[in-house]
Amino acid sequence: MKLRFLGIIPNTPVDDSPTIWLDEETGDLLIQSYKATEDEVKACQEIGSIPGHSTDVPDHETIVRLPAVMLKYIPRPEDGNGEVPRT
């Protein structure tokens, strides 16, 4: 796995620091951020995603809250079709 550091929350203290990395082999983002609260998870489950899809969060997944200031670090696809290129 080849990771590239993309950014850390501005004016971060020594700890408690949302951070984003890019897996250059897959195009995936690895995000360290705040855990969603129970109320936030419940709200996500109430809204759901696509019809018929489970709203359960499996043990190998989690919901994180990414501060809006971190959005500037998320890479945008160059081709403009809304999909992140995969290698």
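What counts, and at which threshold
Residues numbered from 1 in each chain as written. Predicted model: local features only at pLDDT ≥ 70, side-chain atom pairs only at ≥ 80, totals over all residues. Heavy atoms only, no water. 1 Å grid on protein atoms, 1.4 Å probe; cavity = no way out; pocket = protein on both sides within 12 Å on 5 of 7 lines; lining within 4 Å. Points joined across faces, edges and corners; volume = space filled by probe spheres on them. Nonpolar A, V, L, I, M, F, W, Y, C, P; charged D, E, K, R; others polar. Helix = DSSP H or I, 4+ residues; strand = E, 2+ residues; numbered from the N terminus. Buried < 20%, exposed > 50% of the residue type's maximum accessible area, 1.4 Å probe, protein only. Polar contact = N/O pair within 3.5 Å; in protein donor to acceptor, adjacent residues only side chain to side chain. Salt bridge = Lys/Arg side-chain N within 4 Å of Asp/Glu carboxyl O.

Asker: Which residues make up the layout of surface pockets, and what values do they have?
Answerer: By volume, the largest pocket amounts to about 170 Å³. Around the largest pocket, the lining comprises 13 residues; the ones closest to its centre are Ser-54, Thr-55, Asp-56, Val-57 and Ile-63. Here the lining of the largest pocket is composed, by residue class, of 4 nonpolar, 7 polar and 2 charged.

Asker: Explain the environment of Asp-23 residue by residue, including any values.
Answerer: Checked against the element boundaries, Asp-23 lands in strand β2 (residues 19-23). A relative accessible area of 8% means that Asp-23 is categorised as buried. In terms of polar contacts, Asp-23 uses its side chain to reach the backbone amide nitrogen of Glu-25, at 2.9 Å. Here Thr-26 takes part through its backbone nitrogen, which lies 3.3 Å from a polar atom of the side chain of Asp-23.

Asker: Can you lay out the pattern of salt bridges for me, pointing to particular residues and giving the numbers?
Answerer: Tallying each qualifying case throughout the model produces 3 salt bridges. A salt bridge links Lys-2 to Glu-24, with the nearest nitrogen and oxygen atoms 3.5 Å apart. Linking Lys-2 in the segment before β1 (3-8) with Glu-24 in the loop between β2 and β3 (29-32), this pair joins segments that are 22 residues apart in sequence. Its relative accessible area of 30% is what places Glu-24 among the partly exposed residues. Glu-24 serves as the salt-bridge partner of Arg-4, at 2.6 Å between the closest nitrogen and oxygen. In this pair, Arg-4 is assigned in strand β1 and Glu-24 in the loop between β2 and β3, connecting sequence segments 20 residues apart. Residue classification places Arg-4 among the partly exposed residues on the basis of a relative accessible area of 40%.

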